[in-house]
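Structural characterization, general
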Amino acid sequence: MAAETRGRRPWGSRLLGLLGLVSVSVAAAAWDLTSLRCSFGTFCECDFQPDFQALGLECDLAQHLAGQHLAKALVVKALKAFVQDPAPTKPLVLSLHGWTGTGKSYVSSLLAHYLFRGGLRSPYVHHFSPVIHFPHPSHMERYKKDLKSWVQGNLTVCGRSLFLFDEMDKLTPGLMEVLQPFLGSSWVVYGTNYRKAIFIFISNTGGEQINQVVLEAWRSRRDREEICLQELEPVIAQAVLDNPHHGFWRSGIMEEHLLDALVPFLPLQRHHVRHCVLNELAQLGLEPRDEVIQAVLDSTVFFPEDEQLFSSNGCKTVASRIAFFL
């Protein structure tokens with residue numbers, strides 16, 4: 001780890017803030033009885049405090065995540081099974097795929113909120129962006145070394161850690177191969193128990209293929225909720241394997257079946273965008289105003305050209321558009 005990063009959180013993003021974590025080398029040197037218990041025992045769960053009550057995660061997903069019946073079901077089922085298992089045999093590894101603005105980042109932030117007391121600001125939630133943290137392909141070997149040390153060191157400090165990797169389709173291939181040993185079913189890697197960790201990868205890869213499946217279903221007059229995971233998993237997996245710009249390309253992660261779920265996010269239609277507008281107005285403490293809702297919808301670009309069915313930006317620009325039309 002470079003000298004200038006010692007004593008503070010490497011690759012800190014504006015989202016997470018500067019939390020002052022100890023460096024990997026310091027953490028390794030200070031591996032005392034307490035950290036041993038955190039890593040290998042069941043005594044210490046660090047900041048981990050999952051809350052899956054009826055009025056918690058599922059309620060928020062139902063209220064705020066528009067048009068994503070598959071993502072809701074998959075995420076809740078996988079997460080509940082994982083956190084209720086006192087001795088999981090491998091970490092939970094989810095890969096979220098879909099068009100921009102469909103809710104991938106929102107779901108990730110919501111999971112952090114319901115899993116850790118500090119939410120995204122928890123010292124055990126680690127967020128990575130290729131543009132911010134791995135911007136130079138020529139530095140890939142150094143990035144590999146740093147990333148491996150960072151993951152290993154933080155899992156040594158606390159096995160209950162969440163790692164978020166955003167924009168995987170903008171990541172230089174090769175970096176993710178260093179994570180492969182951490183994602184499988186071995187009991188101990190590099191002297192660290194990592195089976196209680198959670199890894200979430202986010203990308204737009206597969207979005208076009210998902211859109212095409214949903215479009216064909218609409219043209220066939222099939223109900224959107226009839227679309228099943230078995231229709232989408234193969235096309236998403238192939239899109240990832242065929243994309244030389246995706247972080248999983250030739251990493252072995254896909255080929256070794258280390259992902260617990262490929263989570264599809266479907267493109268949003270006009271009534272879903274309207275739902276987002278209503279939610280945003282409620283968040284602002286404002287009553288629904290028909291003229292504002294209609295103005296936002298009228299300013300949203302929909303595709304394909306003939307059907308005008310899906311929002312080109314999902315709900316991503318709803319907040320800024322509302323502010324403009326208020």
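Since this is a predicted model, take the numbers as computed values, not measurements.

The next thing to look at is the packing of aromatic side chains. All chains considered together, the criterion is met by eleven aromatic pairs. Between phenylalanine 128 and phenylalanine 165, the ring centres sit 4.8 Å apart and the planes meet at 15°, which makes this aromatic pair stacked. Taken together, the positions of phenylalanine 128 in strand 2 (residues 125-128) and phenylalanine 165 in strand 3 (residues 162-165) put the pair 37 residues apart, joining distant regions of the chain. Seen in terms of ring centroids, phenylalanine 134 and tyrosine 143 are 5.5 Å apart; in terms of plane orientation they differ by 70°. Their pairing is edge-to-face.

What follows is about the environment of leucine 115. Checked against the element boundaries, leucine 115 lands in helix 5 (residues 104-115). Considered as a pair, leucine 115 and leucine 79 are 36 residues apart in the sequence and their alpha carbons are 9.6 Å apart.

So, on to the nonpolar core. Core analysis: the biggest nonpolar cluster contains 43 residues, and Leu147, Phe165, Met176, Leu179, Phe199, Phe201 and Phe248 have the highest contact counts within it. The set of elements that each furnish at least two residues to this core consists of helix 7 (140-157), strand 3, helix 8 (180-183), strand 4 (198-203), helix 9 (207-219) and helix 10 (229-242). It is helix 7 that provides the largest number of residues to this core, a total of six residues. Counting residues in hydrophobic clusters, the runner-up holds 32 residues, among them Phe48, Ala112, Leu164 and Leu229.

What follows is about the sheet that holds strand 5 (residues 261-265). Taken in spatial order, the five strands of this open sheet run 2-3-4-1-5, and their pairing is parallel. In this open sheet, the two edge strands, each paired with only one partner strand, are strand 2 and strand 5. For this sheet the average axis-to-axis angle between neighbouring strands, irrespective of direction, equals 15°. As defined by bridge partners, strand 1 (residues 92-98) adjoins strand 4 across six bridges and the pair is classed as parallel. Bridged to leucine 96 within strand 4 is isoleucine 202.

Right, let's get into the state of the cysteines. Across all of its chains, the model carries two disulfides by this definition. Between the sulfur atoms of cysteine 46 and its disulfide mate cysteine 158 the distance is 2.0 Å. Every disulfide takes its handedness from the sign of the S-S torsion; for cysteine 46 and cysteine 158 that torsion is 120°, giving right-handed. In this pair, cysteine 46 is assigned in the loop between helix 2 (33-40) and helix 3 (57-64) and cysteine 158 in the loop between helix 7 and strand 3, connecting sequence segments 112 residues apart. As far as burial versus exposure is concerned, cysteine 46 and cysteine 158 are alike and both buried. The disulfide partner of cysteine 276 is cysteine 315, and the S-S distance across this bridge is 2.0 Å. Residues cysteine 276 and cysteine 315 are joined through a disulfide that is right-handed, its torsion about the S-S bond being 85°. Here cysteine 276, found in helix 11 (residues 270-283), pairs with cysteine 315, found in the loop between strand 7 (310-311) and helix 13 (318-325); they are 39 residues apart in sequence, far enough to count as distant.

Relative to the helices and strands, asparagine 243 is located in the loop between helix 10 and strand 5. For asparagine 243, a relative accessible area of 16% corresponds to the buried category. Polar contacts involving the side chain of asparagine 243 include one to the main-chain amide nitrogen of histidine 245, which spans 2.9 Å. Discounting residues that sit within four places of it in the chain, asparagine 243 has contacts with Asp169, Thr205 and Trp249.

With that settled, the discussion passes to the UniProt feature "binding site: ATP" (unreviewed entry) in the protein. Those places that UniProt annotates as "binding site: ATP" (unreviewed entry) correspond, in this numbering, to Gly98, Trp99, Thr100, Gly101, Thr102, Gly103, Lys104 and Ser105. Of the annotated positions named here, the largest pocket is lined by Thr100, Gly101, Thr102, Gly103, Lys104 and Ser105. Residue placement: tryptophan 99 occurs in the loop between strand 1 and helix 5. Here tryptophan 99 falls in the partly exposed class, since its relative accessible area comes to 23%. With near-sequence residues (within four places) excluded, tryptophan 99 lies in contact with Lys104, Asn204, Gly207, Glu208, Asn211, Phe265, Phe303, Ser311 and Ser312. Within the secondary structure, glycine 101 is located in the loop between strand 1 and helix 5. Ignoring sequence-local partners within four residues, the contact set of glycine 101 consists of Leu268, Asn313, Gly314, Cys315 and Lys316.

The terminal C-alpha atoms of helix 10, which comprises 14 residues, lie 20 Å apart, in line with the 20 Å expected from a rise of 1.5 Å per residue. Here helix 10 has its buried residues at Leu229, Leu232, Ile236, Ala237, Ala239 and Val240. All buried residues of helix 10 lie within an arc of 160° about the axis, which places them on one face of the element. Turned more than 90 degrees away from the buried face of helix 10 sit Gln230, Pro234 and Asp242, all of them exposed. Elements that come into contact with the buried residues of helix 10 comprise helix 4 (69-83), strand 1, helix 9 and strand 5.

Definitions and limits used
- Residues numbered from 1 in each chain as written.
- Predicted model: local features only at pLDDT ≥ 70, side-chain atom pairs only at ≥ 80, totals over all residues.
- Heavy atoms only, no water.
- Phe/Tyr/Trp six-rings, centres within 6.5 Å; stacked < 30°, edge-to-face > 60°.
- Helix = DSSP H or I, 4+ residues; strand = E, 2+ residues; numbered from the N terminus.
- Core = buried A, V, L, I, M, F, W, Y, C linked by side-chain atoms within 4.5 Å.
- Buried < 20%, exposed > 50% of the residue type's maximum accessible area, 1.4 Å probe, protein only.
- Pairing = 2+ DSSP bridges.
- Axes fitted to C-alpha atoms, helices over the stretch in contact; angles between N-to-C directions.
- Disulfide = S-S within 2.5 Å.
- Polar contact = N/O pair within 3.5 Å; in protein donor to acceptor, adjacent residues only side chain to side chain.
- Contact = heavy atoms within 4.5 Å.
- UniProt positions renumbered as here; feature names shortened; annotations may be inferred.
- 1 Å grid on protein atoms, 1.4 Å probe; cavity = no way out; pocket = protein on both sides within 12 Å on 5 of 7 lines; lining within 4 Å.
- Expected span 1.5 Å × (residues − 1).
- Arc of directions from axis to C-beta.

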